Amino acid sequence: MNGIYWKKFYENFKIRTPSDFAQFCLGYFVKHDIKWLIDVGCGNGRDSYYFSRNGIKVIGVDLSSSPKNSELATFIKASFDHYNEFNLPVYARFFLHSISDHEILHFIKMAQNYIFLEFRDKEDEPILFKHERNKVDSNIILKLLLRNKFDILYFNKSKGLAKLDGENPLICRIIAKK
């Protein structure tokens, strides 16, 4: 992961409204009585703050930024390697493309119960990035989850899920439970 790139990115990233994925997941959290979660790769904390404002206690983990702690959201500047020492549901939006294939396998193996994922699928059109990104194959992620004893509760791969600044990437959303 290019820590310098992400540090500068989040210094200039001013969006504070929750992502569409966060709004989508909140209904699931409420319906299934999820009261705590870990937001891995939380960036500037926009989704963590949203969850905390809606009664979910959040531990946000990010190597590149450290938003300010609030009453219900605690932020840790750390590598994802230690993210699930708390055995909590894991929320990871646009995180998988920032780590290697080997790290993705490690990340999935560490998850202990629910996992909520949103990422750009490798079938998406090429995009010129100012940094390196891992191309994530949703079929491989599904196989890894199944191999690690997860049940796939929700899967959607389509455009229209994460539009921003004229971009409409091919996005994959997965909810799985061990």
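Treat the numbers as computed from the prediction; the structure is a model and nothing was measured. (Residues numbered from 1 in each chain as written. Predicted model: local features only at pLDDT ≥ 70, side-chain atom pairs only at ≥ 80, totals over all residues. Heavy atoms only, no water.)

K.L.:
Any chance you could explain the nonpolar core here in plain terms?
P.N.:
Buried together is how nonpolar side chains tend to be arranged in soluble globular proteins. Counting 26 residues, the largest nonpolar core has Leu-96, Phe-107, Ile-115, Leu-117, Ile-141, Leu-145 and Ile-174 as the members making the most contacts within it. Elements that contribute at least two residues to this core include exactly strand E1 (36–40), strand E2 (57–62), strand E4 (90–93), helix H4 (101–110), strand E5 (114–120), helix H5 (138–147) and strand E7 (171–177). If you look at the next biggest cluster of nonpolar residues, it comprises 19 residues, including Tyr-28, Ile-56, Tyr-114 and Ile-175. (Core = buried A, V, L, I, M, F, W, Y, C linked by side-chain atoms within 4.5 Å. Buried < 20%, exposed > 50% of the residue type's maximum accessible area, 1.4 Å probe, protein only. Helix = DSSP H or I, 4+ residues; strand = E, 2+ residues; numbered from the N terminus.)

K.L.:
Sorry if this is basic, but what is going on with helix H3 (residues 46–53) here?
P.N.:
Each α-helix winds once per 3.6 residues, and so residues spaced three or four apart point in a common direction. Counting buried positions along H3 yields six of eight residues, so the element is predominantly enclosed. Every buried residue of H3 is listed here: Arg-46, Asp-47, Ser-48, Tyr-50, Phe-51 and Ser-52. On the buried face of H3, the contacting elements are helix H2 (20–31), E1, E2, strand E3 (73–77) and E4. A positive phi of about 90 degrees marks Gly-55, the residue just after H3. (Contact = heavy atoms within 4.5 Å.)

K.L.:
Looking at this model, I keep getting lost on the environment of Leu-105. Mind explaining?
P.N.:
Looking at the element boundaries, Leu-105 is found in helix H4. The spacing of Leu-105 and Leu-144 is 39 residues in sequence and 7.1 Å in space, taken between C-alpha atoms. Apart from residues no more than four positions distant in its own chain, Leu-105 is found in contact with Leu-144 and Asn-148.

K.L.:
Explanation requested: the pattern of salt bridges in the structure shown.
P.N.:
Where charged atoms from two side chains of opposite charge come close, those side chains can pair. For the coordinates displayed, the defined rule picks out seven salt bridges. Close ionic contact of Asp-47 with Arg-46 constitutes a salt bridge, the shortest N to O distance being 3.9 Å. Side by side, Asp-47 and Arg-46 carry an identical accessibility label, which is buried. Three or more residues are tied together by salt bridges with common partners; here these are Arg-93, Glu-118 and Arg-173. (Salt bridge = Lys/Arg side-chain N within 4 Å of Asp/Glu carboxyl O.)

K.L.:
Would you take a moment to explain the side chain of Asp-121 for this structure?
P.N.:
On the secondary structure map, Asp-121 appears in the loop between E5 and H5. Here Ser-138 takes part through its side chain, which lies 2.6 Å from a polar atom of the side chain of Asp-121. Apart from residues no more than four positions distant in its own chain, Asp-121 is found in contact with Val-136, Asp-137, Ser-138, Lys-157 and Leu-170. (Polar contact = N/O pair within 3.5 Å; in protein donor to acceptor, adjacent residues only side chain to side chain.)

K.L.:
Looking at this structure, how should I read the packing of aromatic side chains?
P.N.:
For any pair of aromatic rings, geometry is given as the distance between the ring centres together with the angle between the planes. A full pass over the atoms with the stated rule returns 11 aromatic pairs. Judged by centre distance (5.9 Å) and plane angle (80 degrees), the rings of Tyr-28 and Tyr-114 are edge-to-face. You can see Tyr-28 sitting in helix H2 and its partner Tyr-114 sitting in strand E5, a full 86 residues away along the chain. Assessed through its relative accessible area of 10%, Tyr-114 is described here as buried. With centroids separated by 4.8 Å and ring planes inclined at 90 degrees, the aromatic side chains of Phe-29 and Phe-116 adopt a geometry described as edge-to-face. One end of the pair, Phe-29, is in helix H2; the other, Phe-116, is in strand E5, and 87 residues separate them in sequence. (Phe/Tyr/Trp six-rings, centres within 6.5 Å; stacked < 30°, edge-to-face > 60°.)

The quantities given are spatial measurements derived from coordinates; they are silent on function.
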